[in-house]
Every structure is written in C-alpha cells, then in structure tokens.
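# Secondary and tertiary structure notes
Chain residues, written in single-letter form:
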Amino acid sequence: MDLNPPPFSHFTHEGLDIAFFDEGDPSGPPILLIHGFASSANVNWVFPGWLKTLGDAGYRVIAFDNRGHGKSSKPYDPAVYHPQQMAGDAIALLGHLGIAEAHVMGYSMGARISAFLALAHPDRVRSLVFGGLGIGMVTGVGDWDPIADALVASSLDVVTHARGRMFRAFADQTKSDRQALAACISTSRDLLTAEDMGRIDVPTLIGVGTKDDIAGSPQELADLMPNARALDIPGRDHMLAVGDRVFKKAVLEFLEEVGRA
C-alpha cells in the first residue's frame, strides 16, 4: 500500500494560503475530506490509508489542510477559526477546482465543519460522512480549555489533564504550530442545534468508536436527522477509529449505495 504523501497544491481564500491535494481517479465521483483538530490531510487521510482506499474504489479524492494546520496558513487570531469560516475554505476549494457537488467526509472537528458546510451549501453536498463526532455535535464534547492550556504549556511534562496530555502529545507528534492550535480550539467548537441537524437531509453516515469518550452517541445524532444512520466502530477510541477497516468498509458501501440512488 502506497501511503506516501501526494504532491500538494495551494490556493488563497480570505487572505490565507490553503494547501490541498487532488488525487485518485480524475473522472470519478469527487469526495472532499476534512481532517480533525491538530491533524492534517496527510495524518487523517493518507497515512491511515483513506486516499488509497477511496482512490482504488474509483473516487476523485480531494483533501486540504485546515487553516492553522499542516501546510496551510496558521493565524494566531481566534476570530478566524469559527467552523463557518473553515467550511468557507472547503467550499472555496470546490469552487477553485470547478466541482459543483461532492461527497463530503469529515473526522472530529472536520465532521463539525462538514455539517456547517452542508447547512450553508446544501446544493453542493451529495452525501456526508461524520467520523469521530456524534451527539457531541449538538451537546458539546466537554471542557476543552485545559487542552488550550496544554498546547501552550512549556512542555508535556507539566501537563496533568488527561485529555490535554493526549492532544499535546499528538500536536508534538505532528509537529504542529501549537499557538495556532490553541487559537483554533478556542473558537472552532461552535455547536449546532437539534433543529440545525434536522435540516440536513442528504444521506449521512455517522461512525464513532465504541471506546471514544469524546464524540458522544452516533445514534442520538442520527435520530435528529431525516436521512442518517449510525455506525459503531468496535473497540476503537477517538484517535484510532479514523483508519479502522470496519469504518472503511462501511463508508465504501455507503458511498456505493448513495451513488446508485
């Protein structure tokens, strides 16, 4: 399996440089992938095998580094990280590539961005896959202030908060700009209402690991939506569910079903 990073291109939106790749079958159905907090297109989608899996299945696979992440611009102003603005980067990328409609798949923060994208531009979204975020999309995912503190702490050794340690270690592993991430986490967690979720009527798959203590119930979120289904990813936590084979198989079957509809 080729898990090497593909070449990235760049475009500008709202004065920010956004890095992306456009791979897979150029004539296949496009799918836009939106990664999670402190991650990147490579970390969420290339290294766990999603680019390979979707490309081999005949899809045009597009992914970008969210603002504040990866190879994209990393402003330190929290005001630019609301999910509506980050969804704006995603829709601008589709416009830049001349894509009228795409399947959209997001993980964790990327799932939240995907939901905001679907609400703002329902005509541009063929289907949705939410990974790593269930009812927490609506009810919240706990106290994340200690994570921001952990990101700007002098070292991991002084961080005692368990979730803070997890994300600080992940940020160090991905060689992220921790100040940009601290700005991002302070404003990127805007919640959606139950009524908002009820207005998203495109086919939706919601996959969450059974050991994920962040996402919240996928079934409770699916119950709010007119055309959604939940998937339990057995034995996986928030960090490991993204590349799980059960998740991949379910996504491929879901996309094929949507394509036949």
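Residues numbered from 1 in each chain as written. Predicted model: local features only at pLDDT ≥ 70, side-chain atom pairs only at ≥ 80, totals over all residues. Heavy atoms only, no water.

The protein chain goes by Pimeloyl-ACP methyl ester carboxylesterase in an unreviewed UniProt entry, where it is assigned to Ensifer adhaerens.

On inspection of all chains with the given rule, the structure shows one cavity of 30 Å³ or more. In this structure, the largest cavity occupies an estimated 110 Å³ of space. Lining the largest cavity, in full, are Phe 37, Ser 108, Met 109, Arg 112, Leu 133, Val 141, Trp 144, Ile 185, Ser 188, Arg 189 and Ile 214. The residue makeup of the lining of the largest cavity, split by class, is seven nonpolar, two polar and two charged. (1 Å grid on protein atoms, 1.4 Å probe; cavity = no way out; pocket = protein on both sides within 12 Å on 5 of 7 lines; lining within 4 Å. Points joined across faces, edges and corners; volume = space filled by probe spheres on them. Nonpolar A, V, L, I, M, F, W, Y, C, P; charged D, E, K, R; others polar.)

Let's shift gears to the sheet that holds strand E3 (residues 30–34). Spatially, the eight strands line up as an open sheet ordered E1-E2-E4-E3-E5-E6-E7-E8, and their pairing is mixed. Two strands lie at the open edges of the sheet, namely strand E1 (9–13) and strand E8 (228–233), each paired on one side alone. When strand polarity is set aside, the average angle formed by the axes of neighbouring strands in this sheet is 20°. Note: strand E6 (residues 125–131) against strand E7 (residues 204–209), four bridges, orientation parallel. For Val 129, the partnering residue across the bridge sits in E7 and is Leu 205. This element, helix H3 (residues 83–96), spans E1, strand E2 (16–24), E3, strand E4 (60–64) and strand E5 (102–107) of the sheet and lies at about 120° to E1. This element, helix H4 (residues 109–120), spans E3, E5 and E6 of the sheet and lies at about 145° to E5. (Pairing = 2+ DSSP bridges. Helix = DSSP H or I, 4+ residues; strand = E, 2+ residues; numbered from the N terminus. Axes fitted to C-alpha atoms, helices over the stretch in contact; angles between N-to-C directions. Contact = heavy atoms within 4.5 Å.)

With respect to the helices and strands, the residue Gly 24 is situated in strand E2. Considered as a pair, Gly 24 and Tyr 107 are 83 residues apart in the sequence and their alpha carbons are 20 Å apart. Beyond its immediate sequence surroundings of up to four residues, Gly 24 is in contact with Gly 55, Tyr 59 and Val 61.

Further remarks concern H3. With 14 residues, H3 should cover 20 Å at 1.5 Å per step; its first-to-last C-alpha distance of 20 Å lies within 8% of that length. Summarising burial for H3: ten of the 14 residues are buried, a large majority. What H3 keeps buried is the set Pro 83, Met 86, Ala 87, Gly 88, Asp 89, Ala 90, Ile 91, Ala 92, Leu 93 and Leu 94. In the stretch just after H3, Gly 98 is the one whose phi turns positive, near 70°. (Expected span 1.5 Å × (residues − 1). Buried < 20%, exposed > 50% of the residue type's maximum accessible area, 1.4 Å probe, protein only.)

For the rest of this paragraph, the subject is the pairing of E1. Pairing analysis gives five bridges linking E1 to E2, with the strands arranged antiparallel. Its bridge partner being in E2, His 10 is matched across the sheet by Ala 19.

What characterises a pair of aromatic rings is the spacing of the ring centres plus the angle enclosed by the ring planes. By the definition in use, this model includes five aromatic pairs. With 5.5 Å between their ring centres and 90° between their planes, Phe 8 and Phe 21 make a pair best called edge-to-face. Taken as a pair, Phe 8 in the segment before E1 and Phe 21 in strand E2 lie far apart in primary sequence, 13 residues in all. A single burial state applies to Phe 8 and to Phe 21, both of which are buried. Each member of the aromatic cluster is reached from another via a ring pair, and the members are Trp 45, Trp 50 and Phe 247. Between the NZ or CZ atom of Lys 71 and the centre of the ring of Phe 8, over which it lies, the distance is 4.3 Å. (Phe/Tyr/Trp six-rings, centres within 6.5 Å; stacked < 30°, edge-to-face > 60°. Lys NZ or Arg CZ within 6 Å of the ring centre and 35° of its normal.)

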